[in-house]
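Structural overview
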Amino acid sequence: SQQGEEDPQALSIQEGENATMNCSYKTSINNLQWYRQNSGRGLVHLILIRSNEREKHSGRLRVTLDTSKKSSSLLITASRAADTASYFCATPIRQGGSEKLVFGKGTKLTVNP
Amino acid sequence: KAGVTQTPRYLIKTRGQQVTLSCSPISGHRSVSWYQQTPGQGLQFLFEYFSETQRNKGNFPGRFSGRQFSNSRSEMNVSTLELGDSALYLCASSLKIGVSGANVLTFGAGSRLTVL
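Heads up: these notes are all about the structure in this document. (Residues numbered from 1 in each chain as written. Chains lettered and ligands numbered in written order. Predicted model: local features only at pLDDT ≥ 70, side-chain atom pairs only at ≥ 80, totals over all residues. Heavy atoms only, no water.)

A short note on the packing of aromatic side chains
Tallying each qualifying case throughout the model produces 8 aromatic pairs over all chains. Between the aromatic rings of A:Tyr35 and B:Phe107, the centroid separation amounts to 5.9 Å while the plane-to-plane angle is 85°, which identifies the pairing as edge-to-face. Note that A:Tyr35 is positioned in strand E4 (residues 31-37) and B:Phe107 in strand E10 (residues 106-107), a pairing that runs across two chains. Grouping residues by exposure puts A:Tyr35 and B:Phe107 together as buried. Their ring planes at 75° and their centres at 5.6 Å tell us that B:Tyr35 and B:Phe45 sit as a pair that is edge-to-face. Of the two residues, B:Tyr35 sits in strand E4 (residues 31-38) while B:Phe45 sits in strand E5 (residues 42-50), which places them 10 residues apart along the sequence. This pair shows no difference in class: B:Tyr35 is buried, exactly as B:Phe45 is. (Phe/Tyr/Trp six-rings, centres within 6.5 Å; stacked < 30°, edge-to-face > 60°. Helix = DSSP H or I, 4+ residues; strand = E, 2+ residues; numbered from the N terminus. Buried < 20%, exposed > 50% of the residue type's maximum accessible area, 1.4 Å probe, protein only.)

Re unusual backbone geometry
Omega for the peptide link from A:Asp7 to A:Pro8 comes to 0°, which places this bond in the cis form. Take A:Pro8: it is sitting in the loop between strand E1 (4-7) and strand E2 (10-14). Of the consecutive residues B:Thr7 and B:Pro8, the connecting peptide bond is found in the cis state with omega at -10°. Position of B:Pro8 relative to the elements: it lies in the loop between strand E1 (5-7) and strand E2 (10-13). Unlike most non-glycine residues, B:Ser51 shows phi in positive territory, near 50°. Look at B:Ser72: it is not a glycine, yet its phi comes out positive at around 75°. With respect to the element layout, B:Ser72 can be found in the loop between strand E7 (64-68) and strand E8 (74-78).

A look at the interface of chain A and chain B
Residue-level contacts link 23 residues of chain A with 25 residues of chain B. There are 0 salt bridges connecting chain A and chain B. At the boundary of chain A and chain B, one finds 5 residue pairs in polar contact (both at pLDDT 80 or more). Mapped onto the side of chain A that touches chain B, the elements with two or more residues apiece are E4, strand E5 (43-50), strand E9 (85-95) and strand E10 (98-103) of chain A. Ranked by residue count, the leading element in the side of chain A that touches chain B is E10(A), at 5 residues. Per-class residue counts for the side of chain A that touches chain B are 6 nonpolar, 11 polar and 6 charged. (Contact = heavy atoms within 4.5 Å. Salt bridge = Lys/Arg side-chain N within 4 Å of Asp/Glu carboxyl O. Polar contact = N/O pair within 3.5 Å; in protein donor to acceptor, adjacent residues only side chain to side chain. Nonpolar A, V, L, I, M, F, W, Y, C, P; charged D, E, K, R; others polar.)

What to know about the layout of surface pockets
The space that makes up the largest pocket amounts to roughly 590 Å³. Surrounding the largest pocket, 24 residues form its lining, A:Gln37, A:Ser86, A:Phe88, A:Lys108 and B:Gln37 being those nearest its centre. Listed by contribution, the elements that provide at least two residues to the lining of the largest pocket are E1, E9 and strand E11 (107-112) of chain A together with E4 of chain B. If one sorts the elements of the lining of the largest pocket by residue count, E11(A) sits on top with 4 residues. In the lining of the largest pocket, the residues fall into 6 nonpolar, 13 polar and 5 charged. (1 Å grid on protein atoms, 1.4 Å probe; cavity = no way out; pocket = protein on both sides within 12 Å on 5 of 7 lines; lining within 4 Å. Points joined across faces, edges and corners; volume = space filled by probe spheres on them.)

Looking at the pairing of E5(B)
Residue and element names in this part refer to chain B. When you tally the buried positions in E5, you get 8 out of 9 residues, the bulk of the element. Here 8 bridges tie E4 to E5, and the two strands are oriented antiparallel to one another. Each bridged residue has a counterpart across the sheet, and for Thr 38 the counterpart in E5 is Gly 42. Turn length for the E4-E5 hairpin, with the two strands adjacent in sequence and antiparallel, is 3 residues. In this sheet, strand E6 (residues 53-57) lies alongside E5 in antiparallel orientation, the contact comprising 4 bridges. Bridge pairing links Phe 47 to Lys 57 in E6. Here E5 hands over to E6 after 2 residues, with Ser 51 in that stretch at a positive phi of 50°. (Pairing = 2+ DSSP bridges.)

Some words on the pairing of strand E6 (residues 55-58) of chain A
A regular strand carries its side chains on alternate faces of the sheet. Residues and elements named next belong to chain A. Across 4 bridges, the pairing between E6 and strand E7 (residues 61-66) is antiparallel. The residue of E7 that forms the bridge with Ser 58 is Leu 61. As consecutive antiparallel partners, E6 and E7 are separated by 2 residues, and within that stretch Gly 59 has a phi angle of approximately 60°, a positive value.

Now the structure itself:
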């Protein structure tokens, strides 16, 4: 079963606009990560936010985490055509004494020039 | 430094055949994870290897197997291929230190498998 679920599934905006993607998860976590995937390629790590953090910034990215609501959001400001990609949240799940990262199904972002 | 390298990038097989995919992690990374990505199911965790030991396994049939070598390179094998095995297979490595550290993955470009 999916741990994280992104919303919306798809988002289309104009260059220069802001894009907001949301992620909800089910179990307690110690961190949450966001990754980006260009079409048919591997995923690239964008940012990690720990459970004791509420907000984190990296360049044009802003991530928030609300552990009481089990949700996170990724905001991309002043979007560019090059931001067109799928964005995934990932949360760690303890299993068998180890840990695996579980990904949501992603938000497909299209930024129109 | 070199990233995660997956080979082959593309391959076509027929039902019933078997396939082996290879992954070379970033130098110094000892953990290698494999994921299957399909449009319908998204990213599904296959397994994770650390120091040649499988530490974690997803909900896949026994046809899916893997191993890791002493140099941390990993292979995964799928036997008796089915049409539904068509997917992008992604390998990721990480510098994982214990279970308390955050597990940030560096992915390869993937191996695109088509089963006819």
